[in-house]
Amino acid sequence: MTKLIEIKNLRVHFDVDEGTAKAVDGVSFDIGENRVLGVIGESGCGKSVTAHSILRIVPSPPARMAGGQILFHPRSNGGVQAPPVDLLTLDPKGEDIRKIRGKEIGMIFQEPMTSFGPLHTIGDQIMETIITHDRTSKAEARTRTIELLRRVGIPNPEKRVDDYPHKFSGGMRQRAMIAMALSCSPRLLIADEPTTAIDVTVQAQILELLRELKEATGMAILLITHNLAVVSELADEIVVMYMGRVMERAPAEELFNNPLHPYTIGLLHSIPVLDGPVVRLEQIKGSVPSPCALPDGCVFHPRCDKCRQGVCDGQEVPELKEISPGHWVSCFPQPGGRGL
Ligand SMILES: Nc1ncnc2c1ncn2[C@@H]1O[C@H](COP(=O)(O)OP(=O)(O)O)[C@@H](O)[C@H]1O
Ligand SMILES: [Mg+2]
């Protein structure tokens with residue numbers, strides 16, 4: 001598998017009134033070309049901050065990139081593979097990261113209204129990204145925009161291209177945002193809770209669309225969600241995050257069949273179905289702590305039904321260890337436990 005992006009020990013801290021919020025505190029994972037990596041975890045555990053760090057759009061201050069590397073492997077140029085670029089070393093306002101945003105890495109957000117301004121038509125906004133990145137003529141950008149809108153399933157794109165965002169339904173705006181993200185054929189698409197704000201039938205259609213686009217374009221997808229049913233539809237591999245750390249990581253089927261971390265097991269027990277009610281993690285007691293006051297030892301220990309006093313609540317943080325090929329867990333060994 002050819003690696004596209006490697007996140008190594010990423011740490012992003014926010015200096016806030018209450019102290020230092022360790023939103024991301026030692027996250028590592030990589031994504032191969034044309035692979036879908038799902039990142040799951042409760043709200044507030046650092047999923048979006050991780051995604052925004054890749055694009056360098058975390059507001060700083062209050063954020064501090066406190067450590068790590070984000071290695072992005074550029075397109076090979078005539079068969080010659082250039083060395084990877086550490087995105088964390090780039091100036092967040094500079095030319096280099098701007099070339100990567102959109103062109104190499106596209107992003108779709110939970111709420112499409114935030115990516116389209118209300119004052120310009122959907123078409124003008126997509127055309128602008130095409131013209132900026134590819135320096136095409138206006139006429140060519142318009143043709144490409146109409147094609148993209150057709151491709152993401154917007155009916156009558158020749159007309160809809162001139163509509164303002166408020167004329168689009170939630171699902172159609174989501175499709176238009178995907179069209180915008182695809183406009184420069186990115187090699188990685190970051191989809192942050194792409195189906196959370198839309199109704200259930202449309203959710204299934206958007207997932208199907210992402211799957212088709214992945215097959216057709218060969219792009220990789222970083223799919224962030226708190227909804228396990230969503231990742232189970234699409235992901236090749238899954239990373240489970242809790243309080244800025246990776247608790248477990250495994251190929252999707254392995255994670256569902258053989259979850260090892262008590263947090264993952266809790267999440268799986270609370271699996272919401274696509275047409276089910278709002279996610280409620282009733283299987284996991286308590287609630288997420290403040291990122292300014294993370295528990296010692298394993299961050300999950302106060303909520304863990306397998307917690308062992310003197311081990312899990314000590315000073316030592318459990319390492320992320322590979323217990324079978326591709327299956328990584330960050331949990332202290334349980335006596336007689338499941339292979340940990
Ligand atoms: N702009 C910000 N200012 C201060 N703290 C922030 C900011 N954005 C995120 N955080 C901190 O980072 C934590 C993780 O946020 P986020 O990545 O959005 O969680 P998730 O996407 O997993 O729900 C939050 O709980 C908060 O403490
Ligand atoms: Mg988020």
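Each value, and the rule that gives it
Residues numbered from 1 in each chain as written. Chains lettered and ligands numbered in written order. Predicted model: local features only at pLDDT ≥ 70, side-chain atom pairs only at ≥ 80, totals over all residues. Helix = DSSP H or I, 4+ residues; strand = E, 2+ residues; numbered from the N terminus. Rg over C-alpha atoms; globule rule 2.2 N^0.38 Å. Buried ≥ 20, exposed ≤ 12 C-beta atoms within 10 Å, placed from the backbone. Contact = placed C-beta atoms within 7 Å. Axes fitted to C-alpha atoms, helices over the stretch in contact; angles between N-to-C directions. Parallel < 35°, antiparallel > 145°, perpendicular 65-115°, else oblique. Left-handed = near helix turned anticlockwise from the far one by under 90°. Nonpolar A, V, L, I, M, F, W, Y, C, P; charged D, E, K, R; others polar. Near = placed C-beta within 6 Å. Pairing = 2+ DSSP bridges. Core = buried A, V, L, I, M, F, W, Y, C linked by C-beta atoms within 7 Å. Expected span 1.5 Å × (residues − 1).

Re the overall build of the chain
Move 1: Secondary structure assignment for the chain yields 10 helices and 12 strands.
Move 2: Its C-alpha atoms give the chain a radius of gyration of 21 Å, within 12% of the compact-globule value 20 Å for 340 residues.
Move 3: With the C-alpha coordinates of the chain rotated into their principal frame, the extents come out at 70 × 45 × 45 Å.
Move 4: Among the 340 residues that make up the chain, the fraction classed as buried is 42%.
Move 5: Sequence separation of 24 or more characterises 63% of the internal contacts of the chain that already satisfy a separation of 6 or more.

What to know about the packing of helix α3 (residues 122–134) against helix α4 (residues 138–151)
Move 1: Where α3 meets α4, the axes come as close as 9 Å, and the angle between the chain directions of the two elements is 120°. If you check the angle between α3 and α4, you find them oblique. Like other packed secondary-structure pairs, α3 and α4 cross with a definite hand, here right-handed. Judged by residue contacts, Gly123, Ile126, Met127, Ile130 and Ile131 of α3 engage Lys138, Ala141, Arg142, Arg144, Thr145 and Leu148 from α4.
Move 2: For the contact of α3 with α4, a count of residues per class yields 6 nonpolar, 2 polar and 3 charged.

Description of the site of ligand 1
Move 1: What surrounds ligand 1 is a group of 15 residues, the closest being Phe14, Ala23, Lys47, Ser48 and Val49.
Move 2: Listed by contribution, the elements that provide at least two residues to the shell around ligand 1 are β1 (3–16), β2 (19–32) and α1 (47–55).
Move 3: For the shell around ligand 1, the element with the most residues is α1, which contributes 3 residues.
Move 4: Classifying every residue of the shell around ligand 1 gives 9 nonpolar, 5 polar and 1 charged.

As for the sheet that holds strand β11 (residues 321–324)
Move 1: Pairing is mixed in the open sheet, where 8 strands are placed in the order β6-β7-β8-β3-β9-β10-β12-β11. Only two strands of the sheet have a single partner each, and these edge strands are β6 (105–108) and β11. Averaged over all neighbouring strand pairs, the angle between strand axes comes to 20°, with direction disregarded.
Move 2: Where β11 meets strand β12 (residues 327–329), 3 bridges bridge the pair, whose relative direction is antiparallel. Directly across from glutamate 322, in β12, lies its bridge partner tryptophan 328.
Move 3: Docked against the sheet, helix α10 (residues 262–269) engages β3 (36–40), β9 (237–242) and β10 (245–251), running at close to 105° with respect to β9.

Some words on the nonpolar core
Move 1: The biggest cluster of nonpolar side chains holds 90 residues, and the ones touching the most others in it are Leu188, Leu222 and Val240.
Move 2: For leucine 222, the residues in contact, after removing those within four places along its chain, are Ile31, Leu37, Val39, Ala51, Leu188 and Ile190.

Things to note about the pairing of β9
Move 1: Here β9 lies mainly inside the structure; 6 of its 6 residues are buried.
Move 2: Covered by surrounding structure in β9 are Glu237, Val239 and Met241 together with Ile238, Val240 and Tyr242, the residues of both alternating faces.
Move 3: Where β3 lies against β9, 4 bridges are found, and the strand directions are parallel. Paired with isoleucine 40 across the strands is valine 240, a residue of β9.
Move 4: Here 6 bridges tie β9 to β10, and the two strands are oriented antiparallel to one another. Each bridged residue has a counterpart across the sheet, and for glutamate 237 the counterpart in β10 is proline 251.
Move 5: Here β9 folds back onto β10 in antiparallel fashion, the turn holding 2 residues, of which methionine 243 has a positive phi close to 45°.

A look at the pairing of β6
Move 1: The alternating pattern of β6 places Ile105 and Met107 on one face and Gly106 and Ile108 on the opposite face, and all of these are buried.
Move 2: Two elements, β6 and strand β7 (residues 188–192), share 4 bridges in a ladder whose sense is parallel. For isoleucine 105, the partnering residue across the bridge sits in β7 and is leucine 188.

Details of α3
Move 1: The end-to-end C-alpha separation of α3 is 18 Å, in line with the 18 Å expected for 13 residues at 1.5 Å each.
Move 2: Of the surrounding secondary structure, the elements contacted by the buried residues of α3 are α4 and α6 (170–182).
Move 3: Looking one or two places after α3, you find arginine 135, whose phi comes out positive at around 50°.

Notes on unusual backbone geometry
Move 1: Here serine 60 and proline 61 are connected by a cis peptide whose omega angle stands at 0°.
Move 2: Of note, proline 61 is situated in the loop between α1 and β4 (63–72).
Move 3: Cis peptide bonds are those with omega within 30 degrees of zero, and the linkage from proline 61 to proline 62 qualifies with 10°.
Move 4: Looking at the element boundaries, proline 62 is found in the loop between α1 and β4.
Move 5: At asparagine 9, a position not held by glycine, the phi torsion is positive, near 50°.
Move 6: Within the secondary structure, asparagine 9 sits in strand β1.
Move 7: One non-glycine residue with positive phi stands out, namely methionine 243, at about 45°.

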